[in-house]
Amino acid sequence: MPRKKLIAGNWKMNCLSAEGTALAKAVAKQTKETKFDCDFLICPPFTLLGLVKKCLRGSKVALGAQDVHFAEKGAHTGDISPLMLKDLGCTYVIIGHSERRVDHHETNELINKKAVAAHAAGLNTVICIGETEAQRNAGETIKVCQKQISGSVPADADAKNTVIAYEPIWAIGTGKTPTSADVQEVHAAIRAALNKKLGKTIANKMRILYGGSVKPSNAAELLSLPDVDGALIGGASLKADDFIAIAKNATK
Ligand code: PEP
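Definitions and limits used
- Residues numbered from 1 in each chain as written.
- Predicted model: local features only at pLDDT ≥ 70, side-chain atom pairs only at ≥ 80, totals over all residues.
- Heavy atoms only, no water.
- Pairing = 2+ DSSP bridges.
- Helix = DSSP H or I, 4+ residues; strand = E, 2+ residues; numbered from the N terminus.
- Axes fitted to C-alpha atoms, helices over the stretch in contact; angles between N-to-C directions.
- Contact = heavy atoms within 4.5 Å.
- Core = buried A, V, L, I, M, F, W, Y, C linked by side-chain atoms within 4.5 Å.
- Buried < 20%, exposed > 50% of the residue type's maximum accessible area, 1.4 Å probe, protein only.
- Left-handed = near helix turned anticlockwise from the far one by under 90°.
- Nonpolar A, V, L, I, M, F, W, Y, C, P; charged D, E, K, R; others polar.
- Near = heavy atom within 4 Å.
- Polar contact = N/O pair within 3.5 Å; in protein donor to acceptor, adjacent residues only side chain to side chain.
- Areas by Shrake-Rupley, 256 points an atom, 1.4 Å probe, with all protein chains shown as cover.
- Phe/Tyr/Trp six-rings, centres within 6.5 Å; stacked < 30°, edge-to-face > 60°.

K.L.:
Teacher, can you tell me more about the sheet that holds strand β2 (residues 38–43) here?
P.N.:
The pairing of strands in a sheet happens through backbone hydrogen bonds and is either parallel or antiparallel. Strand order in the closed barrel formed by eight strands is β1-β2-β3-β4-β5-β6-β7-β8, and the pairing between neighbours is parallel. Going across the sheet, the axis of each strand differs from the next one's by a mean of 25°, ignoring polarity. Where strand β6 (residues 162–166) lies against strand β7 (residues 207–211), four bridges are found, and the strand directions are parallel. Bridge pairing in β7 places V163 opposite R207. Those strands touched by helix α11 (residues 240–247) are β1 (5–10), β2 and β8 (230–233), and its axis lies near 150° from that of β2.

Below you can see the structure in the form of structure tokens.
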């Protein structure tokens with residue numbers, strides 16, 4: 001079943017106004033100049049969402065945030081609600097990135113709760129999963145991913161409101177990537193876990209992105225794998241030319 005690929009940029013905690021504006025404008029411009037066969041998403045830090053939204057006007061690049069609270073509003077100092085993101089023009093939110101699982105002790109249960117709240121507000125979620133290096137060396141990758149799918153993905157997930165991002169933690173920002181055969185094996189196992197949880201129709205349509213040191217030089221190989229439906233890109237999304245060069249490899 002053909003799934004339109006999603007090329008998503010996670011800017012993490014990078015860029016002040018001037019840099020973020022220039023980057024978003026450059027991405028918007030380049031996506032308008034060339035015909036692409038994929039969807040685009042960029043996820044700047046909270047502070048830049050309003051500004052970046054303006055820069056993306058007239059382009060087909062979607063706007064997303066990097067995290068969200070599960071509550072609608074109230075006494076949660078420093079947090080941002082799903083409706084606040086919606087109000088700023090976001091259509092997506094990344095949930096459960098490994099940096100949040102580690103730095104903020106986010107559990108599968110919390111991520112599931114956040115996803116339910118985001119969906120209720122009309123946001124699409126990019127739910128991140130992936131194993132540590134120790135888990136990979138112990139041969140536990142698939143078991144870890146199955147557990148994360150089972151716990152983090154809510155029952156209301158469907159192919160429209162949910163995208164899965166498989167990101168081996170040891171590959172994030174390190175320049176290391178699994179072999180193509182390993183990536184395909186894990187993505188196929190993730191699709192099987194989605195099948196078990198949500199049924200075949202949804203599992204076959206749901207996009208599973210690969211993330212972890214994706215760059216222009218490895219994008220063609222990774223994006224050609226049958227169960228890889230796009231990429232979640234950190235470092236290389238901070239350079240418009242690299243982000244666009246990766247997207248040029250994203251065909252159905
Ligand atoms: C990420 O942060 O989601 C990521 C994959 O980062 P990088 O592309 O820099 O490895």
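K.L.:
Looking at this structure, how should I read the nonpolar core?
P.N.:
General note: in soluble globular proteins, nonpolar side chains tend to be found buried as a group. Counting residues in hydrophobic clusters, the biggest one holds 63 residues, and the most contacted among them are I7, F40, I164, I190 and L194. Sorting elements by how many residues they give to this core places helix α8 (residues 180–198) first, with six residues. If we ignore the near neighbours within four places in the chain, the residues touching L194 are I149, I164, G199, A203, M206 and I208. Grouped together as the second largest cluster of nonpolar side chains are 13 residues, A8, A62, I94 and V163 included.

K.L.:
Sorry if this is basic, but what is going on with the packing of helix α1 (residues 17–33) against α11 here?
P.N.:
Packed helices, taken two at a time, are described by the angle their axes make and the gap between the axes. Closest axis-to-axis distance for the α1/α11 pair is 9 Å, and the angle between their directions is 35°. With respect to the hand of their crossing, α1 and α11 are arranged in right-handed fashion. Counted together, L23, A26, V27, Q30 and T31 of α1 and A240, D241, F243 and I244 of α11 form the full contact between these two elements. Of the residues that constitute the contact of α1 with α11, the class distribution is six nonpolar, two polar and one charged.

K.L.:
Honestly, the site of the ligand in this entry has me stumped. Any pointers?
P.N.:
Around the ligand, the structure places 14 residues, and the nearest of them are K12, E167, G173, S213 and G235. Here S213 contributes a backbone N or O atom positioned 2.8 Å from an oxygen atom of the ligand. Measuring from an oxygen atom of the ligand, one finds a backbone N or O atom of G234 at 2.8 Å. Protein chains shield 95% of the accessible area of the ligand, which is 290 Å² for the free molecule. Of the residues belonging to the shell around the ligand, the class tally is four nonpolar, eight polar and two charged.

K.L.:
Honestly, the packing of aromatic side chains in this entry has me stumped. Any pointers?
P.N.:
Given two aromatic rings, one states the distance between the centres and the angle between the planes to describe the pair. In the structure shown here, the tally under the stated rule is three aromatic pairs. Each ring, one from F36 and one from F40, has its centre 5.1 Å from the other, and the planes form 90°; the classification is edge-to-face. Each member of the pair F36 and F40 is classed as buried. Plain terms: the ring middles of F40 and F243 are 6.1 Å apart, the flat faces sit at 55° to each other, and that makes the pair tilted. One end of the pair, F40, is in strand β2; the other, F243, is in helix α11, and 203 residues separate them in sequence. You'll find F40 and F243 in the same group, each marked buried.

These figures capture arrangement, not role.
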